Amino acid sequence: MRSRGRGLGYAVAVVALLTFFLGPFVWQVLTSLWPDDQLGRALPRSLTVGAYASVLGGRPFVRWIANSLAVAAATTALCLLIGTAAGFALAKLEFRGRRLLLGAALAISMFPPIATVSPLYLALRAVGLRDQLAGLVPPYATFALPMTLWILSSFFRQLPDELYQAARVDGCTPLLAFRKVLLPLAAPGLFTTAILVFIFSWNEFLYALTFLSSPEKRTVPVALSLLAGEHKEPWPEIAAASVVATLPLVALTILFQRRIVSGLTAGAVKG
Amino acid sequence: MARLSLEGVRKVYRSGVVAVHEVTLEVADGEFVAIVGPSGCGKSTTLALIAGLEQPTSGHIRIDGQPVEDRSPRERDIAMVFQSYALYPHMNVRRNLAFPLEVAGLAREVIAERVRETAALLGLEGLYERRPRELSGGQRQRVALGRALVRRPKVFLFDEPLSNLDAALRTEMRGEIKKLHERLAATFIYVTHDQAEAMTLSDRVVVMHEGKVQQVAPPREVYEAPANRFVAGFFGTPRINLVPPSTLGIERADGLEVGVRPEQVAIGRGGPPESALAAQVYLVEPTGAETWVTVALGQARLTARAPSDFVPRSGEAVWIQVDARHLHWFDAGTGRRVSAPPSP
Amino acid sequence: MGTVSRGAPSRGGSLAAERRQAYLLVAPAVAVLAAVALYPIGAALWLSLHRHIVVFHERSFLGFANYRFLLADARFWSALGHTAYFTVVAVSAELALGLPLALILHEARRGRGLLRALVLIPWAIPTVVAAKLWAWLLNPSYGLINRLLGGADINWLGHPVLALHTAIVVDAWKTTPFVAILLLAGLQGIPEDIYRAARVDGASSFRIFRSITLPLLRPALALALLFRTLDALRVFDAIYVLTEGGPANTTETLSLYAYKTLMRAGDFGYGATLSVVTFLCVALAAAALVRGLGRGWEEAR
């Protein structure tokens, strides 16, 4: 029973919101196709892919993407490996310190990253991991692992208790019940967690900026921030680089929107 | 042989809540025991303790004389049918049935044979490849039963297995479970909140209330000689009438309460027979097979079961009569049953 | 595990052994968290008590001298002020924008999924990209904003007050979708029947929103407030990319000040002190919020 006016007001609101949230993007795409010499005009008279050629050809762009990919993949793999079993235990098993662990995970995810930079810098340098991509995985785990634990324990908790009990009565040890019954059913949760951890790792900036110094080791966010031209900032190139760098993320978001939303709210609304 | 015994089994949760107070129970081999009571009475917890899904705070649980209270479920040789069936959603019917045997590490041929046998017994052939979500409620119930049967355990545990079925299906499945018990002659422990289920299915009933056992007796005895006010009120539809003796014209000064079942209350119009009491109709509920008439008698109300053609109007004057031989006497304070006292 | 009293003499048994499996399952996670989170905090605390200039390999114990210095450090107090201001304004804006956005997403019938996805894009991209995006829009010479303002010449990032607010806009642009998603989940948790009952009782839409929706949304609002506040207090990426704390440290936040002290000046001792104090500020805010909101949470349940 929506009145006409209501429908119109709604449409206007949607347009306004989309403009605000996606407008800058659209503008960025336009900028990436803007010829350098026409920047002074209000709108470009022609479009060019020169910026893309320069970014993809002239810069070690593929290298940066490979770096980000490596770190994000490694972090995701580590967190899933360690966090899945722990998430199950937190959700379904009784043990002392369970609430403490969940609380600690939450507290740790609230750390300011800057707080751990100094000792981590020294520690990584001591073990020779300072300028190495692998050295980023432990600091990333600081935030990715608590996130994993919270999301996965919430997903496991949503699986009916009676399923676990039936498996126990059917002769499974807790570990076997986990492997054969609960883990297959938690696959969607694992997928969601992987997406969120991946996005977090890909976007991370402070640690990547601090712990990596060699230009060829840069991850995408750091590389983008350091993109400099001879005279002024090469805006079309920056725009092109931004578009290319965020295309995979945009695709991920559109494809897996439902999972992302369920992951973000997992455990949150349920407390 | 599959004897089960609980000795002083007690379960206290870390929050201080006492779920089960000192339960002691002996179940003979092949017996069908129903544990019945309202929600929160501790019956499901007791079942979980027997299964090994929870550990008792104190006390012993023995299966065939062996103490098992420290053993995990897999070492107790028990099987359980859950209220929600708890079928594995990602496995088809065949794998659901085979799963316990796979876990036990039996040979492939043995597994196949047992699965086939069990499916035949329960009428599940033709459903092998289906997933649980493609089955009806009754079919899922049978697969849950099958998964328990396939293991040939010492003790079968049932946790309100019929609660999720609609009334017609429930009655049908109830009969099937009873038949199954006759056929297997195995030890069944059956938890339910439905007193009719407990009465029709079991050899003995364990009545629980607030974590304590109220009475352990065959169904007939629980109905005809309830151990206390709670048990009397729990069994029988409509509920037993519990009134002060003065309501029935019996004067006593020793603090007793009297109970009389609706089917023992005669009711009629017109000229009252000797020793009848005058009453006024309060509520009339025709059920089809009979009429339940609730009357007001002084301060109290009594319900009587009358033939279906007796349909008085609200407010009408009627008489009721109670047979003194069918009265139940309870201590008004403790609620405990006392034997029929001599008339003063 | 062993806390429940057992009358029987037998100990252990397979039930206890299986309970121990739980510890096995969580052990790796606990170990990793202890190593990458707990150890560094402790180490940072220790570092903050020293004078440690990395480049000169200089290291000496100072006790609480660093902290005394900090209390008198004007730059620290400025940074704290900037951070507090940033937090209050940004979080308010995000909640104020996020609620209407959540309501709109909630109303959407067709294309709800696509709408949510599109709105999530700002959240999904690196903060660096978001910052660059807005920096270009606000470019004094070529930026769209200035052009739309009729060829104005405002130097958004060069003016102290404007620069901080620009950072706030970037942060709000990027994180409002997250707030909206949290609030949307809260909205979806309100049973449709309650609205129907209210309408039958004759309540207007506004009245329903004020007396039913908002109160029932309190847990979600509280959660969004908590998360966003803690995130805003820790802000680094956006400010670094937009202004690097400039002009003249007028947009410098706590994290940024600590970073510069550590990596530019190489002063690990004082840098650690700043880091620890930042951590304490966040912890205090968290405790205060959880305490204050916790009550409201329980009421709404």
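This is a predicted model, so every value here is computed, not measured.

Analysis parameters
- Residues numbered from 1 in each chain as written.
- Chains lettered and ligands numbered in written order.
- Predicted model: local features only at pLDDT ≥ 70, side-chain atom pairs only at ≥ 80, totals over all residues.
- Heavy atoms only, no water.
- Pairing = 2+ DSSP bridges.
- Helix = DSSP H or I, 4+ residues; strand = E, 2+ residues; numbered from the N terminus.
- Axes fitted to C-alpha atoms, helices over the stretch in contact; angles between N-to-C directions.
- Buried < 20%, exposed > 50% of the residue type's maximum accessible area, 1.4 Å probe, protein only.
- Contact = heavy atoms within 4.5 Å.
- Buried area = accessible area lost by both parts, 1.4 Å probe.
- Salt bridge = Lys/Arg side-chain N within 4 Å of Asp/Glu carboxyl O.
- Polar contact = N/O pair within 3.5 Å; in protein donor to acceptor, adjacent residues only side chain to side chain.
- Nonpolar A, V, L, I, M, F, W, Y, C, P; charged D, E, K, R; others polar.
- Core = buried A, V, L, I, M, F, W, Y, C linked by side-chain atoms within 4.5 Å.

Student: Mind laying out the sheet that holds strand β14 (residues 277-286) of chain B, listing which residues take part and the relevant values?
Tutor: Residues and elements named next belong to chain B. Pairing within the open sheet is antiparallel, and its 5 strands lie in the order β13-β17-β14-β15-β16. Of all the strands in the sheet, just β13 (265-268) and β16 (300-307) have a single pairing partner and so form its edges. Averaged over all pairs of adjacent strands, the angle between their axes in this sheet comes to 45°, without regard to strand direction. Relative to strand β17 (residues 317-322), β13 runs antiparallel, the two being bridged by 4 bridges. Looking across to β17, one finds that I267 is bridged to I320.

Student: Help me get a handle on helix α2 (residues 93-104) of chain B, residues and values and all.
Tutor: Owing to its 3.6 residues per turn, the α-helix brings residues three or four apart onto one side. Listed as buried for α2(B) are B:V93, B:N96, B:L97, B:A98, B:F99, B:P100, B:L101 and B:V103. On its buried side, α2(B) packs onto α8 (174-185) of chain A together with α3 (108-122) and α4 (137-149) of chain B.

Student: Let's hear about the interface of chain A and chain C: which residues, and what values?
Tutor: Between chain A and chain C, the contact holds 88 residues from the first and 85 residues from the second. In this assembly, chain A packs against chain C so that about 7,900 Å² is buried in total across both faces, 78% of it on carbon and sulfur atoms. Between chain A and chain C we count 1 salt bridge in total. Note that A:R168 and C:E18 form a salt bridge whose closest N and O atoms lie 2.1 Å from each other. For the pair chain A and chain C, the number of links is 16 residue pairs in polar contact (both at pLDDT 80 or more). No other element matches helix α1 (residues 4-32) of chain A, which puts 14 residues into the side of chain A that touches chain C. Residues belonging to the side of chain A that touches chain C are distributed by class as follows: 60 nonpolar, 17 polar and 11 charged.

Student: I'd like to hear about the sheet that holds strand β5 (residues 66-67) of chain B, residue by residue, with values.
Tutor: Residue and element names in this part refer to chain B. With respect to topology, 4 strands assemble into an open sheet ordered β2-β1-β4-β5, the strand pairing being antiparallel. For this open sheet the edge positions go to β2 (18-27) and β5, each flanked by a neighbour on one side alone. Sitting on the sheet, helix α1 (residues 43-51) touches β1 (4-12), β2 and β4 (58-63), and the angle it makes with β1 is about 120°.

Student: Mind laying out the pairing of strand β3 (residues 32-36) of chain B, listing which residues take part and the relevant values?
Tutor: All names here are of chain B. Most of β3 is tucked away: 5 of the 5 residues are buried. Residue alternation in β3 divides its side chains into two sets, F32, A34 and V36 and V33 and I35, and both sets are buried. Bridge count between β3 and strand β8 (residues 187-192): 5 bridges; the pairing is parallel. Residue pairing in the sheet places I35 in a bridge with V191 of β8. Where β3 and strand β9 (residues 204-209) come together, 4 bridges link them in parallel fashion. The residue of β9 that forms the bridge with V36 is V207.

Student: Quick one: what's the story with the nonpolar core, residue by residue and with numbers?
Tutor: Counting residues in hydrophobic clusters, the biggest one holds 207 residues, and the most contacted among them are B:L157, B:I189 and C:W123. Per-element tally for this core: the top contributor is helix α7 (residues 160-188) of chain C, with 13 residues. When near neighbours in sequence (up to four residues on either side) are disregarded, B:L157 contacts B:L47, B:I50, B:A51, B:I78, B:A79, B:M80, B:V81 and B:I189.

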